[in-house]
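For reference, the chains in residue letters:
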Amino acid sequence: MVKTRFAPSPTGFLHLGNARTAIFSYLFAKHHGGKLVLRIEDTDRERSKKEYEEALIEDLRWLGIEWDEFYRQSERFDIYKQYVQKLLDSGHAYECFCTPEELEKERQEAQRKGIAYRYSGKCRNLSKEEVEKLKSQGRPFAIRFRVPDGKDIVFNDLVKGPIRINADDFGDFVIVRSDGTPTYNFVVVVDDALMGITHVVRGEDHIPNTPKQILIYEALGFKVPEFAHLPVILGPDRSKLSKRHGAVSVRNYRQEGILPEALFNYLCLLGWTPPNDKEILSKEELIDLFDLKDVNSAPAVFNREKLLWMNGVYIREVLSVEELAERIEPFLKEAGYEFDRDYLIKVLDLARDSFETLKEAPSKLEPFFVDDFPLSEELLKKLSDLGAQEILKVVSQEIEKTSPSNPEEVKALAKNVQKALGVKPKNIWQSLRLAMTGKLEGVGIDVLLSVLPKDRVLYRINRVLSALEGAKA
RNA sequence: GCCCCCGUCGUCUAGCCUGGCCUAGGACGCCGGCCUUUCACGCCGGAAACGCGGGUUCAAAUCCCGCCGGGGGUGCCA
């Protein structure tokens, strides 16, 4: 059975790149009827924070990613210890007493000479006695993996194809820090092996780590899994997408009013194309269609515009009005609007195509919720220039009489008034627009008048009318 | 520096493996038009790309080599 894993470290909010990795891991597993493991990689005690772990989980859930198993590496130190011992016993690993200062010196030396830095191997061949002696002196030590000289390590990456790296390109690397905690390259292997991960899906920044890990798999006698390295997501300047490019966490987009379905769908299109031309796809369709072998091996630039467009598609075409109402309510309440669910649904049914993020809904939908917008001098001036006084009086009489309840009836009403008064349609509509919303742009007035309760329509008209009276006097 | 990955419209990409069907297709964005009570939405149309240079071949975006360009890694971070 296929089993993938998503293994974030809790050092910040869920990054878009990681979110996409999580999505691809999830889709691949589900496509093959397999399982997804969520594993929190918190071996770095310095930087790992519980709050971030909680945020990670919340954002993953919000995105719609479901996992079948959950682990936390900090709770597995005992397990790692056993495997370190195995490596020590078999001679695949050894104690290294070099201090950070010494290593730093070696590194600088290498840089000065312009050669690639590798650990010198100073402690590689310490005798058992020497090791014991240093240990008894209380000297801190790390444990390094003994990398075989000159070995070519080859693996067939599911998205990149065959990759060959020579072991001489990296020296003996640390698997246990001097404080006793194991490092990433080591625990990742033990965990992936023990958890039965069949396909390791992760960012391509892990390619250089892969040969090291393969060496550990082999030293421990574990079966080496398949690897799939996803190209990174780039910012507009084609460098790795990071904070300096602006909003890069899932949380940011959630707050911006992006729908999880849209973000999920959009992220899939970064590096992967559906077999047909259809781009708007549900999670189920994506599970059905997705395959790692179709993932593009070139990095992709994140395109905010397209995400926004896609979010708009979800708002106006994909979600049901009921679903949309549910999602949008918090944003409207946040803006201080009062309404009930039925009213909101009526509003959304006719006006959902006027905004593309949930966050902009309050301002775009304001006319449906706010009666007492400010009546400025400028506004009253515009109204009187349009001859609004007369128009509004007649309109309000008509509304009183016919109570239009759909856009067509409103249009008919406007036409009647226009005929009766002999004014241009534009004057009718603009007068109404200014009187109802205070602005010259926005949602269709026919739409507004068909959902706004009659008493509120009349209230707004009368308020403008009396302001107009007052201005004249 | 060294190692690895990558290179089709501004952006995401299809095509590349299995050369001719490519006058290089789609999407976002952009431009123009239509619709219209405004802004949007919607509809119609348009501009826009095979990084460069060599080969191989009757034929190359597709195969080979070199160059250039971009990205990632180079940690007792993950």
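Here the structure is a predicted model, which is why all the values come from computation and not from measurement.

Bringing the domain arrangement of chain A into the picture now. When cut into domains, chain A gives domain 1 (3-71 + 184-233), domain 2 (78-176), domain 3 (243-312), domain 4 (319-369) and domain 5 (377-472). Summarising the inter-unit geometry, the C-alpha centres of domain 1 and domain 2 are found 24 Å apart. Between domain 1 and domain 2, the contact holds 25 residues from the first and 23 residues from the second. The interface formed by domain 1 and domain 2 holds two salt bridges in total. Note that Glu218 and Lys151 form a salt bridge whose closest N and O atoms lie 3.3 Å from each other. Between the two partners, domain 1 and domain 2, sit five residue pairs in polar contact (both at pLDDT 80 or more).

Attention now goes to the sheet that holds strand E4 (residues 93-96). Across a sheet, paired strands are connected by hydrogen bonds in the backbone, their directions being either parallel or antiparallel. Pairing is antiparallel across the open sheet formed by three strands, whose spatial order is E4-E5-E8. At either margin of the open sheet sits one strand with a lone partner, and together these are E4 and strand E8 (174-176). Neighbour to neighbour, the strand axes of the sheet diverge by 45° on average, direction disregarded. Across two bridges, the pairing between strand E5 (residues 142-145) and E8 is antiparallel. Counted as the bridge partner of Arg144 is Val174 from E8.

Quick look at the pairing of strand E2 (residues 35-40) now. Taking burial as the measure, the six residues of E2 include five buried ones, the bulk of the element. Viewed along the sheet, the connection from strand E1 (residues 3-6) through helix H1 (residues 16-31) into E2 turns out right-handed. Here E2 runs beside strand E3 (residues 69-72); their pairing, made up of four bridges, is parallel. Note on E3: the bridge partner recorded for Val37 is Glu69. Taken together, E2, helix H2 (residues 50-63) and E3 form a β-α-β motif whose crossover is right-handed.

What follows is about the nonpolar core. Among the nonpolar cores identified, the biggest contains 110 residues, and Leu63, Ile65, Leu263, Phe302 and Phe368 are the most heavily contacted of them. The element best represented in this core is H1, accounting for eight residues. In this view, Ile65 contacts Ala19, Ala22, Ile23, Tyr26, Leu36, Leu60 and Phe264; residues no more than four positions away in its chain are not counted. Counting 37 residues, the second-largest nonpolar core is a separate cluster that includes Leu88, Ile163, Ile175 and Ile207.

Calculation criteria
- Residues numbered from 1 in each chain as written.
- Chains lettered and ligands numbered in written order.
- Predicted model: local features only at pLDDT ≥ 70, side-chain atom pairs only at ≥ 80, totals over all residues.
- Heavy atoms only, no water.
- Domains from an automatic or database assignment.
- Contact = heavy atoms within 4.5 Å.
- Salt bridge = Lys/Arg side-chain N within 4 Å of Asp/Glu carboxyl O.
- Polar contact = N/O pair within 3.5 Å; in protein donor to acceptor, adjacent residues only side chain to side chain.
- Pairing = 2+ DSSP bridges.
- Helix = DSSP H or I, 4+ residues; strand = E, 2+ residues; numbered from the N terminus.
- Axes fitted to C-alpha atoms, helices over the stretch in contact; angles between N-to-C directions.
- Buried < 20%, exposed > 50% of the residue type's maximum accessible area, 1.4 Å probe, protein only.
- Right-handed = clockwise from strand over helix to strand, strands pointing away.
- Core = buried A, V, L, I, M, F, W, Y, C linked by side-chain atoms within 4.5 Å.

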